[in-house]
Amino acid sequence: MKEQLEQIRQKTLAALNEAANSADLDALRVKVLGKKGELTALLKQMGGLSPEERPVMGQLANSVRAALEAKLEEKNAELQAAAMDLRLKAEAIDVTIPGTPVRTGSKHPMNKALDEVKDIFVGMGFSIVDGPEVELSDYNFTKLNTEEGHPARDRSDTFYLTDDDSVLLRTQTSPMQIRVMEKTKPPIRIIAPGRVYRKDEVDATHSPMFHQIEGLVVDKGVTMTDLKGTLENFAKQLYGEDAVIRFRPHHFPFTEPSCEVDVQCFECHGAGCRTCKGEGWIELLGAGMVHPKVLRGCGIDPEEYSGFAFGIGLERAAMRRFCIPDMRLVYENDMRFLSQF
Ligand code: DAH
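Residues numbered from 1 in each chain as written. Predicted model: local features only at pLDDT ≥ 70, side-chain atom pairs only at ≥ 80, totals over all residues. Heavy atoms only, no water.

Participant: Please give an account of the site of the ligand that cites residues and values.
Facilitator: Residues in contact with the ligand amount to 15 residues; listed here are only the nearest, Q172, S174, R198, Q212 and E214. For the ligand, an oxygen atom lies 3.1 Å from a polar atom in the backbone of A309. When the ligand is considered free in solution it has 360 Å² of accessible area, and contact with the protein chains removes 90% of it. If you list the elements that add at least two residues to the shell around the ligand, you get β5 (209–219), β8 (281–290) and β9 (306–313). When the residues that make up the shell around the ligand are grouped by side-chain class, the tally is five nonpolar, eight polar and two charged. (Near = heavy atom within 4 Å. Polar contact = N/O pair within 3.5 Å; in protein donor to acceptor, adjacent residues only side chain to side chain. Areas by Shrake-Rupley, 256 points an atom, 1.4 Å probe, with all protein chains shown as cover. Helix = DSSP H or I, 4+ residues; strand = E, 2+ residues; numbered from the N terminus. Nonpolar A, V, L, I, M, F, W, Y, C, P; charged D, E, K, R; others polar.)

Quick look at the structure:
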């Protein structure tokens, strides 16, 4: 019996070395240590031994069993570790491979210019207000001293929304002057940026939708000098200390006197080129002293108060600021253009 035990031990250890996976190991465990296994069968024969031999053989059989169990366990751990190694190698991720680049967006040049303009005016004590793009003709025209029959109200220039022409897409941000003056007592110091609409053909300097920034200051003793100083300061902050601007007499129904402000062309510095249509100057804004009739219409006494107003074309300001030669670039959303800002 002792030899048989030894044989089982040797044989099993040899088979164990050959085992390639845990299924092999399980089969081996059943074959030797299982209920019908070789070692179990041998132990069942113990009854036939003498009382002296029985405990000796019993001990030997148990130690063989314990040794085989330990070996099986050990081999199992080994196989599992090897399998894990293989898996780790197969699933390895190379963290040094360069990743897929994420494309970051950037602010649209119009928004950049608008933010700069807002900052400049907020720095001068202005607050920012917002108003409707769908406007009453009353506010867009009549209350701005632009009576019925005035050429500015012509149907060929304005997008009217009703048959009686009482509602329209605002053609200017100037109705915000009225909306603010009707609600607020002076002192008033606001800017009102927003979209405006006109029946214009698209070209290098025109679009049927564009942006204006309205400005309005009303207080006691406000003069044309305040208007000039404010706009000069604005131009120098936006375009740099060496920016050159000029004031030109003009006519607007809602200001008296009125002017237009030009900025020297960024392409040709005044010599005249395609961008400025040979003028040397680019029109930047309209401005003037608020007409007494407009003040009175809003319940503000022109004997006590005076004010100035201006309307900046944001596209033109942005084009001058970023040296953009064609307005269409601003709206086409071509990434090659936009990613430059
Ligand atoms: N609203 C005028 C336009 O669209 C621009 C303008 C001129 C605004 C004079 C003003 C102003 O506030 O005082 O042409």
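Let's pick the thread back up.
Participant: Before we move on, could you go through the nonpolar core and cite the residues and values that matter?
Facilitator: Counting residues in hydrophobic clusters, the biggest one holds 45 residues, and the most contacted among them are F121, F234, L285, F310 and I312. The set of elements that each furnish at least two residues to this core consists of α5 (109–123), β5, α8 (224–239), β7 (255–264), β8, β9, α10 (314–322) and α12 (335–338). For L285, the contacting residues outside a window of four places in its chain are L231, F234, C259, E260, V261, F310, G311 and I312. One finds F252, F254, V290 and L295 within the second-largest nonpolar core, a separate group that totals 20 residues. (Core = buried A, V, L, I, M, F, W, Y, C linked by side-chain atoms within 4.5 Å. Buried < 20%, exposed > 50% of the residue type's maximum accessible area, 1.4 Å probe, protein only. Contact = heavy atoms within 4.5 Å.)

Participant: How would you explain the sheet that holds strand β1 (residues 127–128) if you had to name every residue and give the values?
Facilitator: Spatially, the seven strands line up as an open sheet ordered β1-β4-β5-β9-β8-β7-β6, and their pairing is mixed. With partners counted over all chains shown, the strands left at the sheet margins are β1 and β6 (245–250), one partner each. In this structure, β7 lies alongside β8, joined through eight bridges in antiparallel fashion. Bridge pairing links T255 to V290 in β8. (Pairing = 2+ DSSP bridges.)

Participant: Break down the packing of aromatic side chains for me, citing the residues and quoting the values.
Facilitator: This structure, assessed with the given rule, holds eight aromatic pairs. Between F121 and F126 the ring centres are 5.1 Å apart and the planes differ by 70 degrees, which places this aromatic pair in the edge-to-face class. A relative accessible area of 0% means that F121 is categorised as buried. Between F126 and F310 the ring centres are 6.4 Å apart and the planes differ by 65 degrees, which places this aromatic pair in the edge-to-face class. Of this pair, F126 sits in the loop between α5 and β1 while F310 sits in strand β9, placing them 184 residues apart in sequence. Comparing F126 with F310, the two get one shared label, buried. (Phe/Tyr/Trp six-rings, centres within 6.5 Å; stacked < 30°, edge-to-face > 60°.)

Participant: An account of the pattern of salt bridges is needed here, citing residue identities and associated values.
Facilitator: Tallied over the entire structure, the rule returns 21 salt bridges. Residues E283 and R316 are paired through a salt bridge, measuring 3.7 Å at the closest nitrogen-oxygen approach. Linking E283 in strand β8 with R316 in helix α10, this pair joins segments that are 33 residues apart in sequence. A residue is classified by how much of its surface remains accessible, and E283, at 34% relative accessible area, is partly exposed. Assessed through its relative accessible area of 26%, R316 is described here as partly exposed. (Salt bridge = Lys/Arg side-chain N within 4 Å of Asp/Glu carboxyl O.)

Participant: Describe the side chain of R170, with residues and values.
Facilitator: On the secondary structure map, R170 appears in the loop between β3 (167–169) and α7 (175–183). Here R170 sits buried without a salt bridge, and the closest side chain of opposite charge, E133, lies 4.9 Å off (N-O distance). Engagement of the side chain of R170 in a polar contact is seen with the backbone oxygen of R195, the distance being 2.8 Å. (Lys, Arg positive; Asp, Glu negative; His and termini not counted.)

Participant: Outline the packing of helix α2 (residues 22–33) against helix α4 (residues 53–90), listing residues and values.
Facilitator: Orientation of α2 relative to α4, taken along the N-to-C sense of each, is 170 degrees, at an axis distance of 10 Å. Considering the angle they form, α2 stands roughly antiparallel to α4. Every residue of α4 that contacts α2 at S22, L25, R29, V32 and L33 is listed here: R65, L68, E69, L72, K75, N76 and L79. (Axes fitted to C-alpha atoms, helices over the stretch in contact; angles between N-to-C directions. Parallel < 35°, antiparallel > 145°, perpendicular 65-115°, else oblique.)

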